[in-house]
Amino acid sequence: MRILLIEDEEGLVITLSDRLRNEGFEVDFASDGEEGLAKATSSEFDLIILDLMLPKKSGLDVCRDLRRSSIETPILMLTAKGETIDKVLGLKLGADDYLTKPFEVMELLARVEALLRRSPVHSNGSSNEKYAFGEVEIDFNRAEVLKAESPVDLSAMEFKLLQFLVENRGNVHSRNELLDAVWGYDAMPTTRTVDVHIAWLRQKLEENPKRPRYIQTVHGLGYKFVS
Ligand code: CA
């Protein structure tokens, strides 16, 4: 797994790249926004750690430019205390998560792991662009779902949940695991949220939502998708 670290604080670059390499990641780094953007667009990474305050081009601009050029690599943004507004803007511009400095390296590693788990390319299932079951067809790239050839209206979270279940089909997932994988590390929702979204997905996709064939409950454990 390759990580691009875009950070201008030399000490932090050394600490983080050492730790990440110890964890088995391949680390490349850039010390300003322009160099970072150039590296992120010219070579493939599994994750980008992006500082907000950077020389030449800010982290926000780098983030926006990457998403505009359809580069969907997960981005973990690093912000300093008091940069709350920028943090919100960063998430709007397409960052996947953020971490406020100063932070424990363990905390950063946990976020990195969570983002890589969430990234569809690295889930256990196939990373096929399309998947079909029963009368349902999913186009992952377009985030579109058809049932009996008619479009199904899914919310972003319903789609992410469905995608996670399908890509990890056959495996049982606890409610907490689903919350972590779909709603994210800092998620506010409770495990009840998972049940509600599962019910909605069944309502929209199953032939008989009361006796679901594909999105199954595993009593006492959680949910699994079977085809
Ligand atoms: Ca900085």
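Residues numbered from 1 in each chain as written. Predicted model: local features only at pLDDT ≥ 70, side-chain atom pairs only at ≥ 80, totals over all residues. Heavy atoms only, no water.

**Quick word on the nonpolar core**
Among the nonpolar cores identified, the biggest contains 27 residues, and Phe133, Ile138, Val145, Leu161, Leu162, Leu205 and Phe225 are the most heavily contacted of them. Among the elements of the structure, β6 (130–133), β7 (136–139), α6 (156–167), α7 (175–183), α8 (191–205) and β11 (222–225) are those that each provide at least two residues to this core. A total of 6 residues in this core trace back to one element, the largest contributor, which is α6. Ignoring sequence-local partners within four residues, the contact set of Leu162 consists of Ile138, Val145, Leu154, Leu201 and Leu205. Of all hydrophobic cores here, the second largest spans 20 residues; its members include Ile3, Leu5, Leu12 and Leu20. (Core = buried A, V, L, I, M, F, W, Y, C linked by side-chain atoms within 4.5 Å. Buried < 20%, exposed > 50% of the residue type's maximum accessible area, 1.4 Å probe, protein only. Helix = DSSP H or I, 4+ residues; strand = E, 2+ residues; numbered from the N terminus. Contact = heavy atoms within 4.5 Å.)

**Side note on the confidence of the model for the protein chain**
In the predicted model, the protein chain carries a mean pLDDT of 88, and the fraction of residues at 70 or more is 90%. Long-range and interchain partners of residues 122–127, a stretch whose pLDDT sits below 50, account for 12 contacts in this model, where long-range means more than four residues apart. (pLDDT = per-residue confidence, 0-100.)

**What about the side chain of Thr73?**
Within the secondary structure, Thr73 is located in the loop between α3 (59–68) and β4 (75–80). Thr73 sits in the buried class, given a relative accessible area of 13%. If sequence neighbours within four positions are ignored, Thr73 has contacts with Phe45, Asp46, Leu47, Ile48, Arg67 and Asp96.

**Points about the sheet that holds β6**
Strand order in the open sheet formed by 4 strands is β6-β7-β8-β9, and the pairing between neighbours is antiparallel. The open sheet has two free edges, formed respectively by β6 and β9 (150–152), since each of these has just one partner strand. This sheet shows a mean twist of 25° between the axes of neighbouring strands, independent of strand direction. In the sheet, β6 pairs with β7 via 4 bridges, with the strands oriented antiparallel. Bridging across to β7, Lys130 finds its partner in Asp139. Seen against the sheet, α8 touches β6, β7, β8 (144–147) and β9 and runs at an angle of roughly 50° to β8. (Pairing = 2+ DSSP bridges. Axes fitted to C-alpha atoms, helices over the stretch in contact; angles between N-to-C directions.)

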